Amino acid sequence: MCQEVGLKCIVFDLRIHDFSATQDTLIGEGKQFSSQEELVAEVAKCMQPYKDHPAFYGISLFDEPRYNQLEAMGQTIRAIKAVKEDTFVHSVMLPLLESTTLDMLTGEQFGVATFDSYKTYIDTFLKLSQEDYVGYDSYPIKESGVLSSYFRNLQVAVDTAREYDADTYLTVQTCAITGNLKMPSEEEIRFQTSSAMAFGMKNIIYFTYWMFPTRTLEQFTGAIMGDKGEKMLYDEVQRINKETQEMAKVLLHFDYEKAYITYDKETNIVAPIYFGAVESKELDNVKEVKVSQATIMTQLHDDE
């Protein structure tokens, strides 16, 4: 069906997905496989029916793995690439939220999750997977205000990925969840895509396109498209996509270096809470900045 309309397909193969969901290693004595080569052979069997199809693009793995799943995740990604090197592997890491616990990010049972422990989490994923990108999701449009960790999370993810010469992808919010997230407006979606590009993200992914067919645990009350295909945020996202794709022709050549934050200090006593943890540095060749509202400026660089 994808081929008929000119689309590429990211396959959800439950067998490979479940390898990536494993807590602990997949390889070793008493484990599912005796060697990485044996895992590669099994993944090759799974991928055989579709890997050479002209519409095949990639494979989707376990969503938001915790620290204790990163070894299996890495082994699975390396196995997929060994079977077909140019396969896109769709993986989405956790963000840092108030509800995030230390064991999710480092495996340690006692202590508080911090941005240092988040760096360990991203660092571990890139080390074990040998991927050329790290993606994570962050849904900042709360029922009241903006997620306080949003900007610093962008910064830490991009800074850590840079150490591995890896790109960063961001999954943005296009849904509402009762009691937590509001349905974002067009401007609030644009805010997310613009801030992603400002911090040098190389891909933007939307959560979610369709309404969830079952909504028992979390009450999803919005999406780009409704249950029966009716447009909810479709036209808004189309407009934003057109804008971002135009800007991407220039911005994808640039890499994020640093950020500077400021606010109207004559009117406000303190910076907004969502700037609280951001590492702010003076920008090169900028002599003076005057603002009338809370402002973040980022510096990106292209050697050419």
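In the block above lies the structure referred to throughout.
Residues numbered from 1 in each chain as written. Predicted model: local features only at pLDDT ≥ 70, side-chain atom pairs only at ≥ 80, totals over all residues. Heavy atoms only, no water.

Asks: Sorry, what's going on with the pattern of salt bridges here?
Replies: Once the charged atoms of two side chains with opposite charge are near each other, the side chains can pair. Per the counting criterion, the structure on display carries 22 salt bridges. Residue Asp284 pairs with Lys258 through a salt bridge whose shortest N-O separation is 2.8 Å. Of this pair, Asp284 sits in the loop between strand 9 (255-262) and strand 10 (295-301) while Lys258 sits in strand 9; the two residues are 26 residues apart in sequence, bridging distant segments of the chain. Salt bridges here are not isolated pairs; linked through shared partners, they connect Glu186, Glu187, Arg190, Arg239 and Glu243. (Salt bridge = Lys/Arg side-chain N within 4 Å of Asp/Glu carboxyl O. Helix = DSSP H or I, 4+ residues; strand = E, 2+ residues; numbered from the N terminus.)

Asks: Would you mind going over helix 6 (residues 150-162) with me for this structure?
Replies: Because an α-helix packs 3.6 residues into every turn, residues spaced three or four apart end up facing the same way. Look at helix 6: 19 Å from first C-alpha to last across 13 residues, which is about the 18 Å you get at 1.5 Å a residue. Within the sequence span of helix 6, burial applies to Tyr150, Phe151, Arg152, Asn153, Leu154, Gln155, Val156, Ala157, Val158, Asp159, Thr160 and Ala161. Check the buried side of helix 6 and you find it contacts helix 5 (115-129), strand 4 (133-137), strand 5 (167-173), helix 7 (186-198), strand 9 and strand 10. (Expected span 1.5 Å × (residues − 1). Buried < 20%, exposed > 50% of the residue type's maximum accessible area, 1.4 Å probe, protein only. Contact = heavy atoms within 4.5 Å.)

Asks: What should I look at first to understand the sheet that holds strand 5 in this one?
Replies: Sheets are built from strands paired through backbone hydrogen bonds, the pairs being either parallel or antiparallel. In spatial order, the strands read 4-5-7; together these three strands make up an open sheet with parallel pairing. Whereas interior strands pair on both sides, the edge strands pair on one side only; in this sheet they are strand 4 and strand 7 (203-207). Strand-to-strand twist in this sheet, taken as the mean axis angle between neighbours without regard to direction, amounts to 20 degrees. Pairing of strand 4 with strand 5 involves five bridges; the strand directions are parallel. (Pairing = 2+ DSSP bridges. Axes fitted to C-alpha atoms, helices over the stretch in contact; angles between N-to-C directions.)

Asks: Looking at this structure, I do not really get the side chain of Asn153. What am I missing?
Replies: Along the chain, the position of Asn153 falls in helix 6. Among the residues examined, Asn153 registers a relative accessible area of 1% and is labelled buried.

Asks: Teacher, can you tell me more about the packing of aromatic side chains here?
Replies: How two aromatic rings sit relative to each other is given by the distance of their centres and the angle of their planes. Going through the model one piece at a time under the given rule, you end up with 19 aromatic pairs. A connected cluster of aromatic rings, assembled from ring pairs, spans Tyr150, Phe151, Phe191, Phe199, Tyr256, Tyr274 and Phe275. Directly above the aromatic system of Phe115 lies the positively charged group of Arg152, at a separation of 5.8 Å from the ring centroid. The residue whose ring lies beneath Lys265 is Tyr263, and the NZ or CZ to ring-centre distance is 5.5 Å. (Phe/Tyr/Trp six-rings, centres within 6.5 Å; stacked < 30°, edge-to-face > 60°. Lys NZ or Arg CZ within 6 Å of the ring centre and 35° of its normal.)

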